[in-house]
Amino acid sequence: MSNLSSVEKKKIEKLLKMSDGYVLDFSNRTFQEFIVESTGIDIYDGKYAYSSGSKANRLRAFWDQEPNNIVGQLILNLLEYWKAQKLISYTEITQVEQALFDECSQVSQRLIQDVISEDPLPEKTVDTIETVAIISILLLTADPTNASRLRIGEELREIQERLQLAKLREKFKLDQRMSVRPTDISQALLDIQPHIVHFSGHGTASGSLCFENRVGEIHPIMPDALAALFEQFTDQISCVLLNSCYSKIQADAISEHIDYVIGMNQAIGDNAAIAFAIGFYQALGAGRTIESAYKFGCVQIRLQGIPEHLTPVLIQRRKN
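The shown structure was predicted, so the numbers you read here are calculated from the model rather than taken from an experiment.

1. Remarks on the packing of aromatic side chains
Taken as a whole, this structure holds 10 aromatic pairs when the rule is applied. Ring centres of Trp82 and Phe101 lie 5.4 Å apart, and the angle between their planes is 25°; this geometry places the pair in the stacked category. You can see Trp82 sitting in helix 4 (residues 68–88) and its partner Phe101 sitting in helix 5 (residues 95–118), a full 19 residues away along the chain. Ring centres of Phe199 and Phe211 lie 4.7 Å apart, and the angle between their planes is 40°; this geometry places the pair in the tilted category. Here Phe199, found in strand 3 (residues 196–200), pairs with Phe211, found in strand 5 (residues 209–212); they are 12 residues apart in sequence, far enough to count as distant.

Below, the structure is given as structure tokens:
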């Protein structure tokens, strides 16, 4: 839980106009979306349903239950939203409001700084790589010319943006390999030595992933072949995310050697795949575990109103 004092809470509540159960001008939907984007957390989880379950009470419950770093970052984002609304509506910020804003800003910075100085990499960071100073992510993409076009560029942009905005952004290193051919995969794994491998592209109902051949057309790779490759990196890679259709078959095979593998149990649309990536990396960048990041990815699909939140599946390696 955060160590916000009662006086600090009163100041923040006054600035955010929480006295009547509201928080600024947020609706239930925009409030939920804002907090997911800021922290990777669903404020409408049952554990935040204090008293009436109003937006203000949910925010108070959030303060009481979440650690300093997450609470501090959310308060900072809410303050920036407050200022943006003033500018958009051409409303002058009074001296009293500016003084209150500055005090609340100092509170948010204190919460964030407390965590940075005490523990640069919180305990809740990625499970099996929590002791790693820099978490390396390898993004592999393939979009063969004889397959339907995918919005891979947008997915990459969203991943880069979420990691750049993350409070733990200095802990992540993102490398990418585009138009990947079979020989490129092993070379990238050897060169980059990633902890997380993310594939974005096509998958077939038979379980193949579609990489590219020398002329840019489909080169399918069967589950047993890719699993054999990942077996060589068991002690290095902690998570594999296959953001492609029907990739659960591949995920099942790879999970024999890798601790966490995420695949899709049926076809998945571009919008759902991108939404899942947004939620996953938002949460990961906030110091959440892979299991938690997976859940936030599914939540983000639901927030976008897409009925595909049950498509991603997380498979954990069975411990001997």
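That covers the picture; the talk isn't over yet.
2. A short note on helix 3 (residues 55–65)
Taking burial as the measure, the 11 residues of helix 3 include eight buried ones, the bulk of the element. All of the buried residues along helix 3 are Lys55, Ala56, Asn57, Arg58, Leu59, Ala61, Phe62 and Trp63. Where the residues of helix 3 are buried, they touch helix 1 (6–15), helix 2 (28–39) and helix 4.

3. Observations concerning the confidence of the model for the protein
For the protein, the average pLDDT comes to 88, and 93% of its residues sit at 70 or higher. Model confidence for the protein, summarised as mean pLDDT per element, is weakest for helix 5 at 78 and strongest for strand 7 (residues 239–243) at 97. This model gives residues 115–128 a pLDDT under 50, and the stretch forms 34 contacts once residues within four places in sequence are excluded.

Definitions and cut-offs
Position numbers for residues count from 1 along each chain, tracking the sequence in the order it is written. Local features in this predicted model are restricted to residues whose pLDDT is 70 or higher, and side-chain atom pairs enter the listing and the counts only when it is 80 or higher, whereas totals over whole chains, interfaces and linings include all residues. With hydrogens and water excluded, all non-hydrogen atoms of the structure serve as input to the side-chain values. Pairing of aromatic rings covers Phe, Tyr and the six-membered ring of Trp, with a centre-to-centre limit of 6.5 Å; geometry is then stacked below 30 degrees between planes, edge-to-face above 60, and tilted otherwise. A helix here means a DSSP run of H or I that spans at least four residues, while a strand means a run of E at least two residues long, and both kinds are numbered starting from the N terminus. The buried label applies to any residue whose accessible area, calculated with a 1.4 Å probe on protein chains only, is under 20% of its type's maximum; exposed applies above 50%, and partly exposed to all values in between. Pairs of residues are marked as contacts when any of their non-hydrogen atoms sit within 4.5 Å. Each residue carries a pLDDT value, the predictor's own confidence for that position, ranging from 0 to 100.

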